[in-house]
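# An overview of the molecular structure
Chain residues, written in single-letter form:
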Amino acid sequence: MLIYWASDTYSITLFGHTYFKFFPQGFYNTFNIPKRLSEGMAFHFLFMWFFAINGLLYILYTIISGAWRELVPQRKSFKEAWQVLLHDLHIRKMAPPQNKYNAAQRIAYTAIIIMGFGSLITGLAIYKPVQFNTITWLCGGYHSARIIHFILTIGYVFFFVIHIVQVILAGWNNFRSVISGFEVVNDTPKPVITPTPPKDEK
Amino acid sequence: MKNNKKPKKELTIDQKIKRRNFISFGVFTAMSGAAYVGWQKLYHAPKEIPGITAGAKAPLRRALNKTELFFRNFFSNNHLVKTYPKEMAAKNVRHNSDIGVKGYFVVDDWKLQVQKHTGEIIEITIDQIRALPKTEIVFDFKCVEGWDQIQYWGGLKMIDFIEHFGLAEETKLAYVGMATPDKQYYVGLDMESAVHPQTILAYEMNGKPLPVNHGAPLRLIIPVKYGIKNLKRIGSISFSNNRPPDYWAKIGYDYYSGL
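Cut-offs and rules
Residues numbered from 1 in each chain as written. Chains lettered and ligands numbered in written order. Predicted model: local features only at pLDDT ≥ 70, side-chain atom pairs only at ≥ 80, totals over all residues. Helix = DSSP H or I, 4+ residues; strand = E, 2+ residues; numbered from the N terminus. Domains from an automatic or database assignment. Contact = placed C-beta atoms within 7 Å. Nonpolar A, V, L, I, M, F, W, Y, C, P; charged D, E, K, R; others polar. Pairing = 2+ DSSP bridges. Axes fitted to C-alpha atoms, helices over the stretch in contact; angles between N-to-C directions. Parallel < 35°, antiparallel > 145°, perpendicular 65-115°, else oblique. Left-handed = near helix turned anticlockwise from the far one by under 90°. Core = buried A, V, L, I, M, F, W, Y, C linked by C-beta atoms within 7 Å. Buried ≥ 20, exposed ≤ 12 C-beta atoms within 10 Å, placed from the backbone.

Bringing the environment of Gly 155 of chain A into the picture now. Inspection of the secondary structure assignment puts Gly 155 of chain A in helix H7 (residues 142-170). Separated by 46 residues in sequence, Gly 155 of chain A and Tyr 109 of chain A have C-alpha atoms that sit 13 Å apart.

Laid out in structure tokens, this is it:
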């Protein structure tokens with residue numbers, strides 16, 4: 001996050017009136033940010049490597065393991081995601097059938113990869129706008145690259161918060177399966193030949 | 001994924017579940033712990049030993065230097081900063097800092113001191129520099145603080161300067177150092193950035209002689225670097241194979257600060 005900015009321009013201002021400041025003074029004071037620009041930049045330029053390498057390894061893993069099949073949205077996912085949302089908000093009773101991930105998850109988990117790629121590209125565009133001027137141009141210029149980079153970061157914050165809330169709501173067994181990679185389902189007597197095994201989720 | 005060990009008893013499903021849970025949660029806890037300890041170590045890491053660079057946490061400085069080495073591979077004289085038409089240049093050019101250009105100073109008495117590799121010092125007047133072909137550039141000046149501004153500068157190209165004053169031998173060294181006459185502000189530049197075709201010793205801003213607060217009579221405009229390297233009021237230029245002292249690198253900023 002670009003919160004170490006010494007020149008804070010992150011606000012919504014129309015006709016000279018500032019309606020919303022993303023980072024009010026209290027935010028800076030709480031996190032002890034002022035006068036730490038160099039430190040913030042140094043952290044940023046170290047952690048960019050972790051994020052980039054981690055992202056690349058993750059993508060490679062999903063491709064090699066075939067896990068991408070569970071993650072990439074299907075044609076029906078976009079319609080179903082809406083039903084999942086209504087279900088999660090307790091507006092709709094039934095969730096559409098799913099495999100490992102539901103339609104909303106498929107979209108979210110693929111979107112986050114695209115976002116990560118976007119952060120990488122806009123990051124390079126901001127970091128080396130002369131050496132990578134083609135990338136900067138592709139991002140719509142220096143300003144546009146900065147704005148996209150910032151919006152994506154806000155996106156991660158939302159993704160993170162929603163994700164954590166969802167994991168808490170989904171309960172312990174779901175969390176356990178996230179860590180261990182398998183889910184314990186108690187009521188399957190294992191019939192070997194069944195044309196359509198009953199779907200039982202959670 | 002079966003535990004087929006010798007004649008031992010086959011594990012029950014429950015045992016398998018327990019065992020796998022134990023392993024995965026063990027790994028999860030260990031990795032979370034490692035991440036936490038690693039972060040704490042980094043966050044409380046001691047500052048680097050002060051030298052040419054100072055003020056950054058030691059591991060972060062190492063990362064900055066390694067990252068510089070990686071990204072310098074992409075540097076090329078063919079990569080030029082984007083230029084704009086003169087009309088787009090800011091009329092009120094942002095003035096961000098006075099370090100090195102404070103206090104009493106007679107612009108007319110100014111002479112540029114260039115130290116050659118032999119140790120010989122040559123003095124150059126502003127008229128000698130003005131007599132050479134002028135190069136103009138309108139580009140987006142970028143500051144580490146996050147702001148940027150399209151500015152219009154005119155002056156002598158660094159490569160023309162080097163050629164005219166017979167400094168070809170000096171460009172074989174790795175770094176250029178520049179300092180203000182009062183030695184309060186100083187920058188170190190890697191040679192390839194210093195002799196980049198868009199690096200200019202500027203004596204004009206918006207088509208007029210450089211104002212005092214922007215570094216009269218001569219300042220550095222180096223578009224392949226952040227603003228912190230664009231030294232105002234150049235007093236001396238020297239060449240070396242080691243990194244020359246750099247004002248901001250001494251207080252925690254990246255030495256390279258290239259764009």
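Below, the discussion takes up the domain arrangement of chain B. Domain annotation of chain B identifies domain 1 (1-44) and domain 2 (58-251). Between the C-alpha centres of domain 1 of chain B and domain 2 of chain B there is a distance of 57 Å.

A separate point is the interface of chain B and chain A. As a measure of interface size, the accessible area lost when the parts come together is often cited. At the interface, 31 residues of chain B touch 24 residues of chain A. Mapped by element, the contributors of at least two residues to the side of chain B that touches chain A are helix H1 (13-43) and helix H2 (58-72) of chain B. Per element, the largest residue contribution to the side of chain B that touches chain A is 6 residues, and it comes from H1 of chain B. When grouped by side-chain class, the residues that make up the side of chain B that touches chain A number 18 nonpolar, 7 polar and 6 charged.

In sheet architecture, strand pairing relies on hydrogen bonds along the backbone and comes in two forms, parallel and antiparallel. All names here are of chain B. Strand order across the open sheet formed by 5 strands is S2-S1-S10-S5-S6, with mixed pairing between neighbours. What marks the edges here is a single partner per strand, and that holds for strand S2 (121-124) and strand S6 (186-190). Shown here is a sheet whose adjacent strand axes are inclined to one another by a mean of 20°, direction ignored. With 5 bridges joining them, strand S5 (residues 175-179) and strand S10 (residues 236-240) adopt antiparallel strand pairing. Within S10, the position partnered with Tyr 175 by the bridge is Ser 240.

Turning next to the packing of helix H2 (residues 37-65) of chain A against H2 of chain B. At a minimum axis distance of 9 Å, the contact between H2 of chain A and H2 of chain B shows a crossing angle of 60°. One element, H2 of chain A, and the other, H2 of chain B, form an angle in the oblique class. Remark: the crossing between H2 of chain A and H2 of chain B carries left-handed chirality. Between H2 of chain A and H2 of chain B, the contacting residues are Ala 42, Phe 43, Phe 45 and Leu 46 of chain A on the first element and Leu 60, Ala 63, Leu 64 and Thr 67 of chain B on the second. Counted by class, the contact of H2 of chain A with H2 of chain B contains 7 nonpolar, 1 polar and no charged residues.

Quick look at the nonpolar core now. Counting 47 residues, the largest nonpolar core has Met 178, Ile 200, Leu 201 and Ile 234 of chain B as its most contacted members. Per element, the largest residue contribution to this core is 5 residues, and it comes from strand S7 (residues 200-205) of chain B. Apart from residues lying up to four places away in sequence, Met 178 of chain B is in contact with Tyr 186, Val 187, Leu 220, Leu 231, Ile 234, Ser 236 and Ile 237 of chain B. Counting residues in each nonpolar core, the second largest holds 9 residues, with Leu 124, Tyr 127, Phe 132 and Leu 152 of chain A among its members.

Another point: the environment of Leu 89 of chain A. Residues and elements named next belong to chain A. Looking at the element boundaries, Leu 89 is found in the loop between helix H4 (77-88) and helix H5 (103-127). Looking at Leu 89, the number of C-beta atoms within 10 Å reads 8, which means it is exposed. When the C-alpha positions of Leu 89 and Thr 122 are compared, they lie 34 Å apart, and in sequence the two are 33 residues distant.

What follows covers the pairing of strand S4 (residues 148-157) of chain B. Every other side chain in a regular strand lies on the same face of the sheet, so the side chains alternate between the two faces. All names here are of chain B. Along S4, 7 of the 10 residues are buried, which leaves the element largely enclosed by surrounding structure. Of the pairings in the sheet, the one linking strand S3 (residues 135-142) to S4 comprises 8 bridges and is antiparallel in character. If you follow Glu 136 over to S4, its bridge partner there is Gly 154. Between the end of S3 and the start of S4, which pair antiparallel, lie 5 residues, with Gly 146 showing a positive phi angle near 115°.

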